[in-house]
Amino acid sequence: MSEPGALRMRIALLGREVAKFGVVGGLGVLVNLVVFNLVRHTTELPVVRASLIATIVAIAFNYVGFRYFTYRDRDKSGRTKEMTLFLLFSLVGMVIENGILYAATYGLGWNSPLASNFFKFFGIGVATLFRFWSYRTWVFRALPAKEAVQTAESFLEQAEPVAPRQARRRQPDHV
């Protein structure tokens, strides 16, 4: 494949990955904000604690979406390591997200429902940039090309050959 063709293919694959990440992430943001507002308005918990609960629920939702939708084709051999790294990077993202909300609420005194939702959403956006980079780089790693080829070959070896059966159907009966 030519270099420009390979570059176009890599850009197209990255575009699809970003789109899938966006779908799961968008639903995760919705879960995060709904849980945040539900906890905030139905309990006496302070804003940042309500946000932490919402972030934890969204992290669980996102793991399932990323593992089984966005990165379903990625290496699955080290689930314990994958989950540990996912939780570690999610924790860093949670600190970024809620640190922004904390600074706005307690540092600047912006504690109205509108301000809280704005800074919660802004914090999610900043943390999402970090999460995208870290998840694709460290957590849901692409299979090395050699392993991907071996996996595909073993799958093909296990499948029943289709071509010989079709060839038998096409052969005329000899009289």
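Keep in mind it's a predicted model, so treat the numbers as computed, not measured.

Draft legend 1. A look at a nonpolar patch on the surface. On the surface, a nonpolar cluster with roughly 610 Å² of combined accessible area is contributed by Val23, Leu27, Leu30, Val34, Leu38, Phe61 and Phe69. Where the nonpolar patch is concerned, the elements lending two or more residues are helix H1 (3-42) and helix H2 (47-70). Examined against the element boundaries, Leu38 turns out to sit in helix H1.

Draft legend 2. Summary view of the packing of H1 against H2. Put simply, H1 and H2 touch, their axes get as near as 8 Å, and they point 150 degrees apart. Put simply, H1 runs roughly antiparallel to H2. Relative to H2, H1 is oriented so that their crossing is right-handed. For the contact of H1 with H2, the residue count by class is 17 nonpolar, 8 polar and 3 charged.

Draft legend 3. Layout of the packing of aromatic side chains. Counted under the stated rule, the structure contains 13 aromatic pairs. Between Phe118 and Phe122 the ring centres are 6.4 Å apart and the planes differ by 10 degrees, which places this aromatic pair in the stacked class. Of this pair, Phe118 and Phe122 both sit in helix H4 (residues 113-139), 4 residues apart, roughly one helical turn. With a relative accessible area of 43%, Phe122 lands in the partly exposed category. One aromatic cluster in this structure is built from Phe21, Tyr63, Phe66, Tyr71, Phe86, Phe132 and Tyr135. Lying across the ring of Phe69, Lys20 places its NZ or CZ 5.7 Å from the centre. Against the face of Phe36 rests Lys120, its NZ or CZ located 5.6 Å from the ring centre.

What counts and how
Residues numbered from 1 in each chain as written. Predicted model: local features only at pLDDT ≥ 70, side-chain atom pairs only at ≥ 80, totals over all residues. Heavy atoms only, no water. Patch = residues over 30% accessible without salt bridge, like charges linked within 9 Å, V, L, I, M, F, W, Y side chains within 5 Å. Areas by Shrake-Rupley, 256 points an atom, 1.4 Å probe, with all protein chains shown as cover. Salt bridge = Lys/Arg side-chain N within 4 Å of Asp/Glu carboxyl O. Helix = DSSP H or I, 4+ residues; strand = E, 2+ residues; numbered from the N terminus. Axes fitted to C-alpha atoms, helices over the stretch in contact; angles between N-to-C directions. Parallel < 35°, antiparallel > 145°, perpendicular 65-115°, else oblique. Left-handed = near helix turned anticlockwise from the far one by under 90°. Nonpolar A, V, L, I, M, F, W, Y, C, P; charged D, E, K, R; others polar. Phe/Tyr/Trp six-rings, centres within 6.5 Å; stacked < 30°, edge-to-face > 60°. Buried < 20%, exposed > 50% of the residue type's maximum accessible area, 1.4 Å probe, protein only. Lys NZ or Arg CZ within 6 Å of the ring centre and 35° of its normal.

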